[in-house]
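Observations on the model geometry
Each chain, written out:
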Number of protein chains: 2
Amino acid sequence: GVNPDLASERQTASFSVEKLTALLDGGTEQTRIRRAVVEAIESDPVFSRENQYFQTQNERYEAAVKKAVHLQKKMHEMGWTENGPEYKYIYRALSGDVAFLLHRVFMRSISVLGSDKQIAKWIPLATQHKLIGSYAQTELGHGTYLQGLETTAVFDTATQEFILNTPKISAMKWWPGDMGRSATHTVVFAQLYIHGKCYGIHPFIVQIRSLQDHSLCPGITAGDIGPKMNFEHIDNGYLLLKNVRIPRENMLSKFCEVRPDGTYVRQGSQKINYFTMTTVRISLISDEVLTPLMKACTIAIRYSVVRRQSKLKPGEQEAKILDYQTQQEKLLPQLATAYAFHFINDYLQELFNRGYREIQRKNFDMLPELHALSSGFKAVITQHCTAGVEICLRACGGHGYSLLSGLPSLYTKILASCIYEGENTILLLQTARFLIKCFMAASAGQPVPPSVTYLAAVKHGKCPAKNKLDFLRADIYTEAYQHVAVRLTSSTAAKLQDLIQSGVKKHDAWNQCTVQLVQAAKAHCHYIAVKNFAETVEKLETKAGIQRIMKHLCDLFALHGIFSNTGAFLHDGYTSAAQMDMVTASYLDLLAVIRKDAVPLVDAFDFTDKSLNSALGSSDGQVYQRLYEWAQKSPTNQMSPAYERYLKPLLHNTLSKL
Amino acid sequence: GVNPDLASERQTASFSVEKLTALLDGGTEQTRIRRAVVEAIESDPVFSRENQYFQTQNERYEAAVKKAVHLQKKMHEMGWTENGPEYKYIYRALSGDVAFLLHRVFMRSISVLGSDKQIAKWIPLATQHKLIGSYAQTELGHGTYLQGLETTAVFDTATQEFILNTPKISAMKWWPGDMGRSATHTVVFAQLYIHGKCYGIHPFIVQIRSLQDHSLCPGITAGDIGPKMNFEHIDNGYLLLKNVRIPRENMLSKFCEVRPDGTYVRQGSQKINYFTMTTVRISLISDEVLTPLMKACTIAIRYSVVRRQSKLKPGEQEAKILDYQTQQEKLLPQLATAYAFHFINDYLQELFNRGYREIQRKNFDMLPELHALSSGFKAVITQHCTAGVEICLRACGGHGYSLLSGLPSLYTKILASCIYEGENTILLLQTARFLIKCFMAASAGQPVPPSVTYLAAVKHGKCPAKNKLDFLRADIYTEAYQHVAVRLTSSTAAKLQDLIQSGVKKHDAWNQCTVQLVQAAKAHCHYIAVKNFAETVEKLETKAGIQRIMKHLCDLFALHGIFSNTGAFLHDGYTSAAQMDMVTASYLDLLAVIRKDAVPLVDAFDFTDKSLNSALGSSDGQVYQRLYEWAQKSPTNQMSPAYERYLKPLLHNTLSKL
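The rules behind the values
- Residues numbered from 1 in each chain as written.
- Chains lettered and ligands numbered in written order.
- Predicted model: local features only at pLDDT ≥ 70, side-chain atom pairs only at ≥ 80, totals over all residues.
- Heavy atoms only, no water.
- Helix = DSSP H or I, 4+ residues; strand = E, 2+ residues; numbered from the N terminus.
- Rg over C-alpha atoms; globule rule 2.2 N^0.38 Å.
- Buried < 20%, exposed > 50% of the residue type's maximum accessible area, 1.4 Å probe, protein only.
- Contact = heavy atoms within 4.5 Å.
- Buried area = accessible area lost by both parts, 1.4 Å probe.
- Salt bridge = Lys/Arg side-chain N within 4 Å of Asp/Glu carboxyl O.
- Polar contact = N/O pair within 3.5 Å; in protein donor to acceptor, adjacent residues only side chain to side chain.
- Nonpolar A, V, L, I, M, F, W, Y, C, P; charged D, E, K, R; others polar.
- Expected span 1.5 Å × (residues − 1).
- Least-squares fit on C-alpha atoms with pLDDT ≥ 70 in both.
- Core = buried A, V, L, I, M, F, W, Y, C linked by side-chain atoms within 4.5 Å.
- pLDDT = per-residue confidence, 0-100.
- UniProt positions renumbered as here; feature names shortened; annotations may be inferred.
- Axes fitted to C-alpha atoms, helices over the stretch in contact; angles between N-to-C directions.
- Parallel < 35°, antiparallel > 145°, perpendicular 65-115°, else oblique.
- Left-handed = near helix turned anticlockwise from the far one by under 90°.
- Phe/Tyr/Trp six-rings, centres within 6.5 Å; stacked < 30°, edge-to-face > 60°.
- Lys NZ or Arg CZ within 6 Å of the ring centre and 35° of its normal.
- Pairing = 2+ DSSP bridges.

Now for the overall build of chain A. When helices and strands are counted, chain A shows 22 helices and 11 strands. Expected size for 658 residues packed as a compact globule is a radius of gyration near 26 Å; at 28 Å, chain A falls within 12% of this value. Looking at the 658 residues of chain A, the share that counts as buried comes to 63%. By sequence separation, contacts in chain A at least 24 residues apart represent 72% of the contacts at least 6 residues apart.

Below, the structure written as structure tokens:
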């Protein structure tokens, strides 16, 4: 049965959980399809994650390969296709615990960077899994700065081949997924040399393992880079190339070609390619970043209404820990953040779909803005969600620290999202570069992209709020966020100009402003997230209580951001100290309001117990029973040789009975 | 050889590294002893941690038991004793990777809570390891609130025994170290019942495993609680008791005794016992909290001068990442924090030694202050150091995410310190309760303990700084911190009183103020840490450049705290916006100054390569070579059954040559 402490939380929901689930899914039909996929995956024992927390890295890898192979069969069985409506739910249903994810990147890079002939040759082979592809860009000594890659590809006109080498240890390819043990092929990024001249980074298809017996091909050294904080199921690999020869046809040549005589020909526009890179940052948000935060909130909030500890009132029963204000202040803002970013993700997806249509019509005007938004939001969302998962983990005390809570692996996995696909600080500086440029343009009266037109309208007013209820008005807090974003951008632009005018060289001046530039980029994204949440709430139907509770969450998201960063709002007096006290009061009031709906709000995420894989977060709230049963299955409860080897000799001369 | 990028950093040190090491150790003699212990431990292959990142939880446990047993031999061999000067360095030299830590807690609890007769019986047995002890307090459903423990001990006058039971699943003992697989005995905390009346929590010595064959004793169910985020080497356990009978003599009876007829006798003062609990919180700071942060700083800073990525100036070589302002702003404040907390730890140790002497003289006056300080600083130091290690990890990008960097295990281990020995939020609220009490007393003109006399002197002045250099004056920033601590305490006290006067019940009012009370407690500790750092710097000898660089770190620690929390200082106008801009300017200037000494400052921590156990942080800076060599030894580079089982059938019908 359901733990009565959890059941009671559901009886008082102020809104329809099922309707909110449908809203999050984008419609009831989507909910139905998603649930069907989850049901099909979870009822298949091959996809079980039951033993995950007990497995070694080797066992995790083997299970992930098994699942990847089985998934092909499953899709065929179920009639799911890569273009079907079910496809996007499969990965989520597997909780990402599957191999060959880089195989898809391998295919995409060929589709985007390859000639029609190359696509015709490789894509069918890859689709039918007649090879396993990977994507080898990052090197041991080179990550974010692509121009610094050291791997070389020298064109040999005599044999019509490229000769590939990783000339130094720092040039070794390092990190590519699926490459350590599985891949037979990979796309290698290397500096192209023709007749001694360097033409920069280009992509080459290289076979690394035999299709007969999987042995490494001549000139190839490859292996697994060893243990990581998570991703045990992925064989991130290293790759050394020593005079590896590949045919001329293996350079991906949609944009650049090397003719048989060594002539280098550039063709077409690469802009669409840059666009592909930015879309990857957006595409990972939902599955890799939002889902873990939503799961962590579900686990921590359910646990917090089941766990009772200490007394709120003398003489009463011990209190549910979610009734403590400090616990609410840890968890409920994370819940609001999950919703806020869900809606900003919808906004970004839509924007990028529009951008894609424009680009197909050869209109590249939106590119700089899309790049800035994808960079900034990738950084801000991964940062906040990672911090949020950590808060959820800590808020569960000792039990949160057990792997069986599910929280440690959510944390160690989401943490990587702050680093991969663009390190966050570097991404924020790219957004900042765009902001400064647009601010200068706007100040000079030139037109700027829609998301930054607000920079032109620098206002020196004051926040008009008169009492704490005014801070529950979206126009009041949205304007405050806008004001801070403008102030941080304009003041940093001014500092930059001052430095340059005082004789500091441009790149030094930039470096001396980067700490503040990062702040400006964050403020910009935070403002857009708040504004978008508020606009989303406005458009919701008022019935079934959904709009009301979403409004509360929007307010909480906005006020939490102010409460956690009061200095930015107080700095120039836009917000007064008295107003800040109103913010605090409204913020703390909201915690108590949202606390009542906390469990229904996480129930709406609609995770199954199997997908949470958590002793603390299950839908029935039977936390202690589950922890105990699960712990008994741990391999650490098998017989250990430590007794015979070490303890027995130590204890053997003790009295048998004390 | 040493990587020239690292070597060059050492050539320009502005101070004597060796002298700073001696300062940190407390004298050159201490340094000598410490190094001798490290040398003896690290040259012994049994204590090697080389394979640690490749081992399973079972392998880690077995190695830790082996080390614990071997350590006895080693100590005998080396002539080290528990009271000798070497003893405190052993645990650090082992990086805590050893079993039977709870055996010491078992012994301490008997020494403190046991009668002379009990001490005479059990301590010699324990000292000679004729039994292995544990300490069973926490239950599955009960952690911080001791009164809520559910385990019962019923006195049976007929047999002169206590009958112990864990009547519900939530009463099961859960988490005790060394209990899952190793311990033969444990101290169980249980509710004492005599003739049906409950006398509250008392400690009982219970044998749980046979000394003959290590099998579980009758009525005992015990095992390992399974995988955790770290501490794989420790067998944290569970324990169920079913009608377990122990003799009357096994209740630890220094303070309370049950006579044969069931008469309950309380004797002596338990105050010294409370004091023991608070000292544990202080004693863990050095090894469990400061050392990991110092190691993380060493790894991240050395890596940041060896890693080159992107260009600061066009046409030049790629820059060392530590030359980027954003990287400095991540790492250098953590370095300053490590030093700040090293000095506050010295301060607390001294204070507690003084307190101990007073208490032995039956003067308990210092107890409330010591309790407040130990609670608050345990929380603040673990919180900051945990965050600092995480920042170091992230600042190393992808390579920081590899277990071989050493950073993930530092992080996953230090994180636990925020939870154990008192959950941080609860501890901060205890400090806050003391602050509020003292503030009220001080306002009423009553005397208060020395650390809080400042609360009486509420000043409504303004920060007198006139330019950015003024913010390098310790009196200026210390006073700003003091002002904030007073403001947060007094405003929360006022809110509390207002609520109570408006009719809110006292416990509800308290709960509604807890978010702000936590802020006040943090501000109090932060103020004391800044003040202590500044006072320490004042007292340093000016020669050898030590005082100068420590002054810079003190300034950085103070200004980082203001820069990261500007709102607290701006709120009531004590600091103006213009002054905050000066803080920012001075803060950013300091980064560039300290950056020059960053490597010498971590070298002074004097960690050996073996103790860092990191591919990124070794003293020779040969990062890439080490990562590659180490990765090749990973078990993930052994033959996997995945190829034969899954990949071969998938690939078998592919063309052998594409």
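So, about the interface of chain A and chain B. At the interface, 136 residues of chain A touch 136 residues of chain B. In this assembly, chain A packs against chain B so that about 11100 Å² is buried in total across both faces, 64% of it on carbon and sulfur atoms. If you look at where chain A meets chain B, you find 4 salt bridges. Where Lys330 of chain A meets Glu423 of chain B, a salt bridge forms, and the shortest distance between an N and an O atom there is 3.4 Å. The tally of links from chain A across to chain B stands at 50 residue pairs in polar contact (both at pLDDT 80 or more). The dominant element in the side of chain A that touches chain B, judged by the number of residues it contributes, is helix H15 (residues 506-539) of chain A, at 10 residues. A breakdown of the residues in the side of chain A that touches chain B according to their chemical character gives 61 nonpolar, 52 polar and 23 charged.

The subject of this paragraph is the pattern of salt bridges. Pairing is possible between side chains that carry opposite charge, provided their charged atoms lie close to one another. What the rule picks out here adds up to 65 salt bridges over all chains. The partner of Glu29 of chain A in a salt bridge is Arg32 of chain A, and the shortest N-O contact between them spans 2.8 Å. Within this pair, Glu29 of chain A and its partner Arg32 of chain A are both found in helix H3 (residues 28-42), separated by 3 residues, close to a single helical turn. Under the relative-accessibility criterion, Glu29 of chain A is labelled partly exposed at 43%. Given the relative accessible area of 49%, Arg32 of chain A is considered partly exposed. With a closest N to O distance of 2.8 Å, Glu161 of chain B and Arg245 of chain B form a salt bridge.

This next bit is on helix H3 (residues 28-42) of chain B. The end-to-end C-alpha distance of H3 of chain B is 21 Å, a good match for the 21 Å that 15 residues give at a rise of 1.5 Å each. The inward-facing, buried residues of H3 of chain B contact helix H2 (17-25), helix H4 (57-78), helix H5 (87-93) and helix H20 (609-612) of chain B.

For the pair chain A and chain B, the superposition axis carries a translation of 0.0 Å, the fit reaches an RMSD of 0.0 Å, and the rotation angle comes to 180 degrees. What the superposition gives is, in effect, a two-fold axis relating one chain to the other. It is Gly567 of chain A whose C-alpha, among those of chain A, lies nearest the rotation axis, at 1.7 Å. Taken as a fraction of all interface residues of chain A, those also at the interface in chain B reach 100%, which identifies the copy contact as same-surface.

Tyr339 and Met550 of chain A together with Tyr339 and Met550 of chain B are the most contacted members of the largest nonpolar core, which has 325 residues in total. Discounting residues that sit within four places of it in the chain, Met550 of chain A has contacts with Leu20, Tyr339, Phe343, Phe533, Val537, Leu540 and Leu601 of chain A.

Glancing now at the confidence of the model for chain A. This prediction gives chain A a mean pLDDT of 96; 99% of its residues lie at or above 70. The ipTM value of the predicted complex is 0.97, and its pTM value is 0.98.

We now examine the UniProt feature "active site" (unreviewed entry) in chain A. Residues and elements named next belong to chain A. The positions that UniProt labels "active site" (unreviewed entry) are, in the present scheme, Glu421. Structurally, the position occupied by Glu421 is in the loop between helix H12 (407-414) and helix H13 (424-443). A relative accessible area of 39% places Glu421 in the partly exposed class.

Residue and element names in this part refer to chain A. Where helix H16 (residues 546-563) meets helix H18 (residues 577-595), the closest approach of the two axes is 9 Å, and the angle between their N-to-C directions is 140 degrees. Classified by the angle between their axes, H16 and H18 sit oblique to one another. The interaxial crossing formed by H16 with H18 has left-handed handedness. Every residue of H18 that contacts H16 at His552, Leu553, Asp555, Leu556, Leu559, His560, Ile562 and Phe563 is listed here: Met580, Val583, Thr584, Ser586, Tyr587, Leu590, Leu591, Val593 and Ile594. Each residue belonging to the contact of H16 with H18 can be placed in one class, and the counts come to 12 nonpolar, 4 polar and 1 charged.

Feature annotation in UniProt assigns "domain: Acyl-CoA oxidase C-alpha1" (unreviewed entry) to the following positions: residues 274-436 of chain A. The span residues 274-436 of chain A shows a helical share of 76% and a strand share of 0%, and its end C-alpha atoms are spaced 21 Å apart.

A separate point is the packing of aromatic side chains. Across all of its chains, the model carries 37 aromatic pairs over all chains by this definition. Ring centres 6.3 Å apart and planes at 50 degrees place the aromatic pair Phe533 of chain B and Phe557 of chain B in the tilted group. Of the two residues, Phe533 of chain B is situated in helix H15 (residues 506-539) and Phe557 of chain B in helix H16 (residues 546-563); the sequence distance between them amounts to 24 residues. Each member of the pair, Phe533 of chain B as well as Phe557 of chain B, is classed as buried. An aromatic cluster is built from Phe341, Phe343, Phe533 and Phe557 of chain A, whose rings are joined through pairwise contacts. We note Arg433 of chain A situated over the ring of Trp510 of chain A; from NZ or CZ to the ring centre the distance is 4.1 Å.

Look at any regular strand and the pattern is simple: side chains alternate between the two faces of the sheet. Residue and element names in this part refer to chain B. Strand S8 (residues 237-241) sits mainly inside the fold: 5 of its 5 residues count as buried. Side chains of S8 alternate between two faces, with Gly237, Leu239 and Leu241 and Tyr238 and Leu240 buried alike. Bridge count between strand S4 (residues 173-174) and S8: 2 bridges; the pairing is antiparallel. Bridge pairing links Trp174 to Tyr238 in S8. One ladder, built from 5 bridges, connects strand S7 (residues 220-224) with S8; its direction is antiparallel. Bridge pairing in S8 places Ile220 opposite Leu241.

On to helix H10 (residues 367-395) of chain B, then. Look at H10 of chain B: 41 Å from first C-alpha to last across 29 residues, which is about the 42 Å you get at 1.5 Å a residue. In terms of residue burial, H10 of chain B counts as a mostly covered element, since 23 of its 29 residues are buried.

This part takes up the sheet that holds S8 of chain B. Reading across the sheet, the 3 strands line up as S4-S8-S7 (chain B) and stay open at both edges, with antiparallel pairing between neighbours. The sheet terminates laterally at S4 and S7 of chain B, the two strands that pair on one side only.

Before going further, it helps to spend a moment on the environment of Ala457 of chain A. Residues and elements named next belong to chain A. Checked against the element boundaries, Ala457 lands in the loop between H13 and helix H14 (474-501). Note on Ala457: relative accessible area 38%, which makes it partly exposed. Considering only alpha carbons, one finds Ala457 and His483, 26 residues apart in sequence, at a separation of 9.6 Å.

Another aspect to go through is the sheet that holds strand S7 (residues 220-224) of chain A. Read across the open sheet, the 3 strands follow the order S4-S8-S7 (chain A); overall the sheet is antiparallel. In this open sheet, the two edge strands, each paired with only one partner strand, are strand S4 (173-174) and S7 of chain A.

Residues and elements named next belong to chain A. Running from N to C, H13 and H14 point in directions that differ by 85 degrees, and their axes come no closer than 10 Å. Classified by the angle their axes make, H13 and H14 are roughly perpendicular. Contacts between H13 and H14 involve Leu435, Ile436, Phe439 and Met440 on the former and, on the latter, Thr489, Ser490, Thr492, Ala493, Leu496 and Gln497. Across the contact of H13 with H14, the residue classes tally to 6 nonpolar, 4 polar and no charged.

As a further point, take unusual backbone geometry. Not every positive phi belongs to a glycine, and Asp606 of chain A is a case in point at roughly 65 degrees. Along the chain, Asp606 of chain A turns up in the loop between helix H19 (598-603) and helix H20 (609-612). A positive phi angle, close to 100 degrees, is found at Trp175 of chain B, a residue other than glycine. With respect to the element layout, Trp175 of chain B can be found in the loop between S4 and strand S5 (185-194).

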